[in-house]
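# Per-entry structural report
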Amino acid sequence: MLGPQNAQEFIRALKASSDPPHVGGPSKIDIAKDAWENTHLYVPNKAEAIIEWLLTRLLKDRSRDRQSNPLCDIRYWDLLAKILTSEKHGDHGRTSRAWLVPLLNRVPIAPVILSYLELVASEGSLDIAQYAAVSQCITALWPLAVPKFNPDTLLECFGAAVHLVVAHGGRQPPDCESQLLNESRALSLIVQSYRASLVNAGSKRKQLYTLFLQKHLKSWLEVATRSWGGQNVRSSLEADMYDAGIETVFVLEVLKPAADQKHDSALVEALERTMQASYEIVLRPLPRLFASYVQTVKRHKSALFGQGSSQVPGQIAYQVQAAAMAFYSNLSTLTRAGGDDDFWRCRVSLLDVVEKENLFNPKDDEARILLRQDGDIAVETLNNAHDEAHTFRTDSAVQVLALLTRIDYDLMSTSAAVLFPRLVAIPSAISSTLQYLKLLLEYDSKTRNLPASIMHVSDAFSVPHLQRIPGGPRAAYEAASAGPLTSLTFLDELSRAVHSFLTPGQVLETIGDISRTLKDAHAHFLDREAKLSADRGDGPRKKRRKDTSLSEDRTEPEYHAVSFALIARTMVVVLRSLPLHTLTDDVRLEAEKAIMDVHSAVACRILRDGFLQADRRDSWHWQMVIAGSLRLHLGLACTPGLLQQSHLEQPILSALLASIAAPSVLQELVVEMFRTLLHQCSVDALPPHDVLGALLSYLENHPPSASTTWSGKAHVLSTGAEAAVALLHVLADRWLPYFDVWSTKEQRERLAQILTSIRLSEDAPKPGSTLTISSIFTRMLHDAQFWELLNTRDAFVAQLNQQTASLDEFEVPKLLARKGARRLPDDILRYVSAYDVLLRVPPEYLPRAMHIEFLKRGFVADILVYTACKEGKQTTASTQHLLVIREFLRRTIAFLGSVENVVTKEFLEYLIAHAPVADHASLSSTDGYVSSVTMELIDMYQGTLVRSAKRGSIGVLADLVNRYISLDGAKGSVIARRASLLLIDTLVREGTVTDFPEELVSLLRAMYKRLLALSASSVAQPGLSLDVDVLDTWSHVQSLRRWLQEEDQDMPAVGRPLVQRLLSWRGNKQEVGALAPVVLAVMLGEMQAVTPARRREELEYIVVAYLAFTRFCGRQDMKQLDSKLGVACRSLSADDFAGVLDLISDGLSLQGGLSTKDVASLIRLSTTVLHDAPEGTSRVCQAFATKSLNMFADDERFVADLELRSEVIEFLVRQCNDRPASLRPADLSSLWSLLRSLLANSPVHEPSTDATVFHGVVNVLSALVRLRRDLVLNTLPHLGFILRQLVSCLRSLRPQLGGKQSRIVLDTLPRWIAPSQPLSAQESKALARLLTTLTTKTMIRTHSAAAETQKPESLVRPFSKHAAYVLTAYVEAVNDPLCFVSSAIRKELQPGLFALCDMLGEHNRDAMMVSALDAGGKVTMKALWKEYEKQRYVGKG
């Protein structure tokens, strides 16, 4: 049935009582849709009529079930959206606003929108198409209808929007629904309208607050939870919703009682009700809610607290703090309702807000009591700190205490005596403990209360506290030794604090306290030991009977031994760090006498009692006490000026030496005894021969395996192998120079045998922070000090020579001829071990003859190991061992250079025939490394053969080419084929075809035809092969054809089809990265074969393909891409090369349409192309470089974007270092401008510091100063300005700066420096090298004839006028009150500063002091000049 034919029928159909109006006819929505789309049907005010019917229908039927509800029918929303977004409404020029506003006044849309949002929020999924149409309708209608909405209606709509976002938004990772909601303009309009109405709601705001808490609080907290839960980027919609909720909850009417610290309880009660359903929803956003409350109170502080006219200055700030802490008190009741991890996390975050916002007022007693309660809960939680099951709670408790310390130290100062004992056994994994201890030391240092802290540390190791640790005394010792109070980090902090902040008047007091503590611990131990001896029957009988009831606990002496050992370990650090230099002479003598008394009364007495009575040395507790006394003695004896006599008595030394081999001695004690004995040898108290012999015997008797590790803590030593690792570390780290002097020839040989027996190539755990025997030995081999010890070095090299001498019995030709026919030697691993060591030996320390000897033996060892691997003797040799030997061969041949008379033809053929294939499916990654090293060896030897062939000796090379000609294409010849490709690369690199004899050229032509036949069949197939080997062979065939100057043949062009296949690849993108360099090489070969007319087009295609490949290639693949391009560029003609540069130049502009990633790839391409430019293109390269520099300097985006900036810096560095002669005076303006932009101040900063920018700028300046001094001479002020900026970049923000203060500093730093990651000492060292380069005499690199007659000069005299400005920048950086320059940075920068002082001279220094520096600057400059004077050479001696 046809629809309405005129306006009257249309209106009558819409107003009909039934739908459809006629049985069997179209429905009303279809009639309305057809009428709108029918342009021939005239209806007055058609759009108004249809929209009115649509809105009326949506309003009246919104409560129906889903099947008949128009809200769920997309047709209604689609038609409404089409009409609202249509430019023509068929209303004869009437604007839509003229009739829509009255219509919306008649038909309210708020109930429609509210019903739709509630309906969608209750469903499991979101109809994206329908929601998009609804969003368009709301966006068009809402601004016109919202003026008539009351605040209650807007609150309901806002709540419905929040429910919708909770139901379908904020998912991680974001899906289509979540992204659509976050980007929805409709929901943002609803939220903005509600916030606007809230401002004008007046007295109704309190009512809205109540309704919001009753209906929408839980959903709003979920939105706040999502954005507070660690998302990197929070959507603007969720941010607006959160702000709207804050404005509702913290309206002025609700906050006014805060002036009297009487907060409305409705919010807390609502939060408590919500916590009953799910406490996570409340706890996670609670700190954010608290922070928002504080910000709101501060924003309205004048309205809340500034009513009276008699306000005391600062009173408002105190009232803000009191109100905030009162609200914190309400929130604290929620966080104390449970003890789970979430509750602790919330407590820490709330206190963090208190600390950052400075909310605590010391005069507020209620706040003090509240925070102390938090601290008491944390202290009580630390009662179970030793339990690793409660690690998170322990960590949180320590963080709470640290925050309370930052807020006000006095809050928990009275708990220090309780705190330190509970920190003893905290697991080392909790790093916050060390931060907390550092805070305590810093505060006590400032208040000069360090003696109290020292006593708290010693009291923490008392016996009653140790007995609280479960497991007995030995478990307590292990827990305390692994705890924070005995960690090197804390002891270093304690040492620095004592040395820097202990006052002269406190030194004697501290020595006295430590003396009493050590003596009391020793006395208590002796008392319990005497009672235990009496109980055993060793003491007097009467005493034993009297004291039997007191000695029931036989572990008590062990507790006292542990207490003494721990106290001695920590207190010796204090005694060694005492600032004796600050004392007067008489007080210093008294202090030294007191320390001597401690040494003699405690350490020496224990050593006499323990070692001179044999029955005591076997007991565990006596060994603990002896170990503590040895640490005490050694610590005091190694500190200059503490002990006037550091020699131990001879009976004690003899007992020490005799006790080492006793099986009952603890490994920890063994290490301490050796340390003491070695020190006694250094002070001539003991002959070193016996000590070194005992040390070597211990290492020989307890050989550690590759899996033996040591964490560096003495208490974990449990086996002789672990103790051997510790002893070797002690020897290598401290006593190796003494060993070289003291040892006999036999002892040096024994040490060399021990070292060379270490299996460095065995599988071992990654060292990380632990020590292994291989890591210690490797570090020793990398230490220049070891190689400067002539006696030890000679013995070491002689041992390696002896260990491999038996290989001389074999000859390579005979061994290859009967390979596998004779029995292999049993000591193959000895050879591997020797070559593993040789692999780590610096080659400069071995003579050439020794290199050649080891090289010849290496050929034999390679064949033996390969044979053992092939025969399946995996227990004897492995592929890893083969890799060790071949890597040594490769490195040695590369170091020696010419090896024509060393490497034999037979060994080369052996390498080609018996090398693993890297891409074989069954091979491991180690086999791939072996294949790579083997190919490098083959390439080196083939290069030697090619250079010999140029001199006429072609015999070996001809045989090799004949071998390659006979390739049959089988899998076994893959290595030979790859070797032939390397030979082609060598031929192209070494010369032209005319440089070689005709006989060899004929063989090469035959090899070309053979390779062409093998590869053409695969390339010419209908389905292009994507095999890397096939394509690589094809590209080398093209290269060899050009080198042989063969006539062009009808060869298939496969480059473009290959590119198309790669770019449409649907598999793993890493495979594309591996194929891209080969495909690009094929295209470059085909490009050189086309006619000059088509070459421009081919070059364009190659550049585009390069840009496409860079999107898939990794770092290694990019290197291969650039290598292929570099080789091809060197063979281009000047015109073709100029064409390539023109193509690159056209794409470098950021207005050209390319993405920043593509432009960055083009900059990288230009760097590669300029580096490998062909001859005769210097003018073209110069023009391109000038144009590129101007382009980079004119557009700030080249500096602002991270990818572009890194490539631009690399371009500058390569251009200034590789092509300095091409720089012209006109380039300097762009160059200085670009460097200024890189170092310019910025209000925006990146999340992480990019130190490569700093190093790049330094490298550019260094190249200019060294190589183009002539250009720098005319722009010295620019150089000085850049140096000033570089010095300024070394500043760091002082901790705990306010927001405005931080912003003041950050605005003076470049954008690539992150506030939390300042530059390090490495950058300072690089800048110092640059400054010292100014004083170095160099030659200018130019193409002019005058370059040959010039003399080396420096910039000392020209730059002397500008040195003061750079020094002034340093002084300003050091004296900046908001910044600091770390001591490490200042130390590394000193050589450069001294070079500037040398240029400056005393006259200019005096002028600078008068005119450019304030009082603080003068002090800094005087200190710097004093240091400069100390090291300056004055011409004497």
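Residues numbered from 1 in each chain as written. Predicted model: local features only at pLDDT ≥ 70, side-chain atom pairs only at ≥ 80, totals over all residues. Heavy atoms only, no water.

## Some thoughts on the overall build of the protein
Convention followed: A helix here means a DSSP run of H or I that spans at least four residues, while a strand means a run of E at least two residues long, and both kinds are numbered starting from the N terminus. Here's how the labels work: a residue is buried when its accessible area is under 20% of the maximum for its type, exposed when over 50%, partly exposed in between, all with a 1.4 Å probe on protein chains only. In this analysis, two residues are considered to be in contact whenever any of their non-hydrogen atoms come within 4.5 Å of each other. Only the protein chains shown count as cover for residues, with accessible areas throughout obtained via the Shrake-Rupley method and a probe of 1.4 Å.
Assigned secondary structure in the protein consists of 70 helices and 4 strands. Relative to its 1437 residues, the protein shows a buried fraction of 53%. Restricting to contacts in the protein with at least 6 residues of sequence separation, those with at least 24 account for 77%. Carbon and sulfur atoms provide 50% of the accessible area of the protein, an area that totals close to 64,200 Å².

## Things to note about unusual backbone geometry
Not every positive phi belongs to a glycine, and Asn358 is a case in point at roughly 55°. With a relative accessible area of 53%, Asn358 lands in the exposed category. With a phi angle near 55°, Arg448 is a residue other than glycine that sits in the positive phi range. Taking the relative accessible area as the measure of exposure, Arg448 reaches 37% and is therefore partly exposed.

## Considerations on the packing of helix α33 (residues 620–637) against helix α35 (residues 667–682)
Each pair of packed helices can be described by the angle between their axes along with the distance between the axes. Inclusion rule: Helix axes are fitted to C-alpha atoms over the stretch in contact, other axes to C-alpha atoms as well, and angles between N-to-C directions run from 0 to 180 degrees. An angle below 35 degrees is read as roughly parallel, one above 145 as roughly antiparallel, one from 65 to 115 as roughly perpendicular, and any other as oblique. For any pair of crossing helices, the crossing counts as left-handed if the nearer helix is rotated counterclockwise from the farther one by less than a right angle, and right-handed if it is rotated clockwise. Each residue is assigned to one of three groups, with Ala, Val, Leu, Ile, Met, Phe, Trp, Tyr, Cys and Pro labelled nonpolar, Asp, Glu, Lys and Arg labelled charged, and all others, Gly among them, labelled polar.
Where α33 contacts α35, the axes come no closer than 10 Å and their chain directions differ by 30°. As the angle between them shows, α33 and α35 are arranged roughly parallel. Of the two elements, α33 crosses α35, and the hand of that crossing is left-handed. Between α33 and α35, the contacting residues are Gln623, Met624, Ile626, Ala627, Leu630, Arg631, His633, Leu634 and Ala637 on the first element and Glu668, Leu669, Glu672, Met673, Arg675, Thr676, His679 and Gln680 on the second. Split into classes, the residues belonging to the contact of α33 with α35 amount to 8 nonpolar, 5 polar and 4 charged.

## Thoughts on helix α8 (residues 151–168)
Our working definition: A helix is expected to span 1.5 Å multiplied by its residue count minus one. What qualifies as a polar contact is a pair of N or O atoms within 3.5 Å, subject to a donor-acceptor requirement within protein and to the restriction that residues adjacent in sequence count only when both atoms come from side chains.
In this model, α8 (18 residues) spans 26 Å end to end at C-alpha, consistent with the 26 Å of a helix rising 1.5 Å per residue. Within α8, 14 of the 18 residues are buried, which leaves the element mostly enclosed by the surrounding structure. Backbone nitrogen of Asp152 and a side-chain oxygen of the N-cap are separated by 3.2 Å at the start of α8; the cap is Asn150.

## Quick look at the environment of Ala1326
Along the chain, Ala1326 falls in helix α66 (residues 1321–1333). Look at Ala1326 and you get buried, because its relative accessible area is 4%. Separated by 72 residues in sequence, Ala1326 and Phe1254 have C-alpha atoms that sit 8.9 Å apart. What Ala1326 contacts, discounting residues up to four positions off in sequence, is His1255 and Val1258.

## Focus: the confidence of the model for the protein
We count it as follows: Each residue carries a pLDDT score, the predictor's confidence in it, ranging from 0 to 100.
In the predicted model, the protein carries a mean pLDDT of 83, and 89% of its residues have values of at least 70. Counting interchain partners and residues more than four positions distant, the pLDDT-below-50 stretch residues 89–93 has 15 contacts. Within the model, the stretch residues 540–552 combines pLDDT values under 50 with 8 contacts to residues more than four positions away or in other chains.

## Focus: helix α1 (residues 7–14)
Rules: Starting at the helix axis, one direction is taken to each C-beta atom, and the arc is that of these directions.
Taken together, the buried positions of α1 are Ala7, Phe10, Ala13 and Leu14. The buried residues of α1 all sit within an arc of 130° when viewed along its axis, so they share a single face. Exposed residues lying more than 90 degrees from the buried face of α1 are Gln8 and Arg12. Where α1 is buried, its residues meet α2 (28–37) and α3 (46–60).

## Points about the nonpolar core
The cut-off we apply is this: To qualify as a nonpolar core, a set must consist of buried Ala, Val, Leu, Ile, Met, Phe, Trp, Tyr and Cys residues joined through side-chain atoms within 4.5 Å.
Among the nonpolar cores identified, the biggest contains 474 residues, and Leu1283, Leu1286 and Phe1359 are the most heavily contacted of them. At 13 residues, helix α31 (residues 556–576) tops the list of elements feeding residues into this core. Not counting the four nearest positions on each side in its chain, Leu1286 is found in contact with Leu1239, Phe1254, Val1257, Val1258, Leu1261, Leu1327 and Leu1330.

## Focus: the environment of Phe461
Locating Phe461 in the fold gives a position in the loop between α25 (450–459) and α26 (463–466). Sequence separation of Phe461 and Thr570 is 109 residues, and the distance between their C-alpha atoms is 9.8 Å.

## Observations concerning the packing of aromatic side chains
Heads up, the rule is: Geometry of aromatic contacts follows a simple scheme: Phe, Tyr and Trp rings, the Trp one being its six-membered ring, pair when their centres are within 6.5 Å, and the pair is stacked under 30 degrees between planes, edge-to-face over 60, tilted otherwise. We count a charge as sitting over a ring when the NZ of a lysine or the CZ of an arginine lies within 6 Å of the ring centre and within 35 degrees of the ring normal.
Throughout the structure, instances matching the rule amount to 34 aromatic pairs. Joined through ring pairs, the aromatic side chains of Phe158, Tyr194, Phe212, Trp220 and Tyr242 make up one cluster. In this structure, Arg288 packs its charged tip against the face of Tyr242, placed 3.5 Å from the ring centre. Residue placement shows Arg1405 over the ring face of Trp1425; its charged tip is 4.7 Å from the ring centre.

## Details of the pattern of salt bridges
For clarity, the cut-off: Salt bridge criterion: a side-chain nitrogen from Lys or Arg within 4 Å of a carboxyl oxygen from Asp or Glu.
If you walk through the whole model with that rule in mind, you get 58 salt bridges. For the salt bridge of Asp808 with Arg857, the shortest nitrogen-to-oxygen distance reads 3.0 Å. Of this pair, Asp808 sits in the loop between α41 (790–804) and α42 (812–817) while Arg857 sits in helix α44 (residues 848–870), and the two are 49 residues apart along the sequence. A relative accessible area of 41% means that Asp808 is categorised as partly exposed. Residue Arg1284 is joined to Glu1372 by a salt bridge in which the shortest nitrogen-to-oxygen separation is 3.6 Å. Of this pair, Arg1284 sits in helix α64 (residues 1276–1288) while Glu1372 sits in helix α68 (residues 1363–1375), placing them 88 residues apart in sequence.

## Notes on the packing of helix α32 (residues 585–611) against α33
It is the contact of α32 with α33, at a shortest axis distance of 9 Å, that shows an interaxial angle of 145°. For the pair α32 and α33, the sense of crossing is left-handed. Where α32 approaches α33, its residues Ile595, His599, Val602, Ala603, Ile606, Leu607, Asp609, Gly610 and Phe611 are matched on the opposing element by Trp622, Val625, Ile626, Ser629, Leu630, Leu632, His633 and Leu636. Among the residues making up the contact of α32 with α33, the classes are represented as 12 nonpolar, 4 polar and 1 charged.

## Some remarks on the environment of Asn1375
Its location among the elements puts Asn1375 in helix α68. Residues Asn1375 and Asp1414, 39 residues apart in the sequence, show an inter-C-alpha distance of 10.0 Å. If we ignore the near neighbours within four places in the chain, the residues touching Asn1375 are Gly1416, Gly1417 and Thr1420. A distance of 3.1 Å separates the side chain of Asn1375 from the backbone oxygen of Gly1416, its partner in a polar contact.

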